[in-house]
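Close look at the chain arrangement
This is what each chain is made of:
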Amino acid sequence: VQLVESGGGLVQPGGSLRLSCAASGFTFNGYRMSWYRQAPGKERELVARISSLGGSTDYADSVKGRFTISRDNARNTVYLQMNSLKPEDTAMYYCQASRRATNTDYWGQGTQVTVSS
């Protein structure tokens, strides 16, 4: 099983980034996919999640209206489009695949997002 995040980097406040998470080794369309983030000295927090077939999404209040999660089950990839970025969005962003029926979850290694002028 692999989850490989990409797309992080340094961006100025107000800018945009698109994160990608490429999955392999499991039945991607059977798993809910989520993005979490963890800033230095803080706990990991849920940013956004999307149901296995993409019909349902949830967002943290802090990113509603600025971030959009999507998935392409044909490409086994989940995305996080981040607009109007703020310095407080600076964190390591992690991709997670979860399946409640089997109490299974997988994590990627993370991609760093830094928002700074």
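A brief look at the structure comes next. (Residues numbered from 1 in each chain as written. Predicted model: local features only at pLDDT ≥ 70, side-chain atom pairs only at ≥ 80, totals over all residues. Heavy atoms only, no water.)

A few words now on the pattern of salt bridges. The final tally for this structure, using the stated rule, is 6 salt bridges. Here Asp-89 makes a salt bridge to Arg-37, at a shortest N to O gap of 2.9 Å. With Asp-89 in the loop between strand E8 (77–82) and strand E9 (91–99) and Arg-37 in strand E4 (residues 32–38), this residue pair connects regions lying 52 residues apart in the sequence. For Asp-89, a relative accessible area of 0% gives the class buried. One salt bridge connects Asp-58 with Arg-49, and the closest N-O pair in it is separated by 3.3 Å. (Salt bridge = Lys/Arg side-chain N within 4 Å of Asp/Glu carboxyl O. Helix = DSSP H or I, 4+ residues; strand = E, 2+ residues; numbered from the N terminus. Buried < 20%, exposed > 50% of the residue type's maximum accessible area, 1.4 Å probe, protein only.)

What follows covers the packing of aromatic side chains. Counted under the stated rule, the structure contains 5 aromatic pairs. The ring of Phe-28 is capped by Arg-71, whose NZ or CZ atom sits 4.4 Å from the centre of that ring. (Phe/Tyr/Trp six-rings, centres within 6.5 Å; stacked < 30°, edge-to-face > 60°. Lys NZ or Arg CZ within 6 Å of the ring centre and 35° of its normal.)

Another aspect to go through is the state of the cysteines. All chains considered together, the criterion is met by 1 disulfide. Through a disulfide, Cys-21 is tied to Cys-95; the S-S separation comes to 2.1 Å. Classification of the bridge connecting Cys-21 and Cys-95 rests on its S-S torsion, roughly -80 degrees, and on that basis the disulfide is left-handed. Here Cys-95 lies in strand E9 and Cys-21 lies in strand E3 (residues 17–24), a separation of 74 residues in the sequence. Given the relative accessible area of 0%, Cys-21 is considered buried. Since its relative accessible area comes to 0%, Cys-95 is described here as buried. (Disulfide = S-S within 2.5 Å.)

For the rest of this paragraph, the subject is unusual backbone geometry. One non-glycine residue, Asn-76, lies in the positive phi region at around 50 degrees. Considering the arrangement of structural elements, one finds Asn-76 in the loop between strand E7 (67–72) and E8. Look at Asn-76 and you get partly exposed, because its relative accessible area is 27%. Phi at Asn-103 takes a positive value of approximately 50 degrees, unusual for a residue other than glycine. Locating Asn-103 in the fold gives a position in the loop between E9 and strand E10 (104–107).

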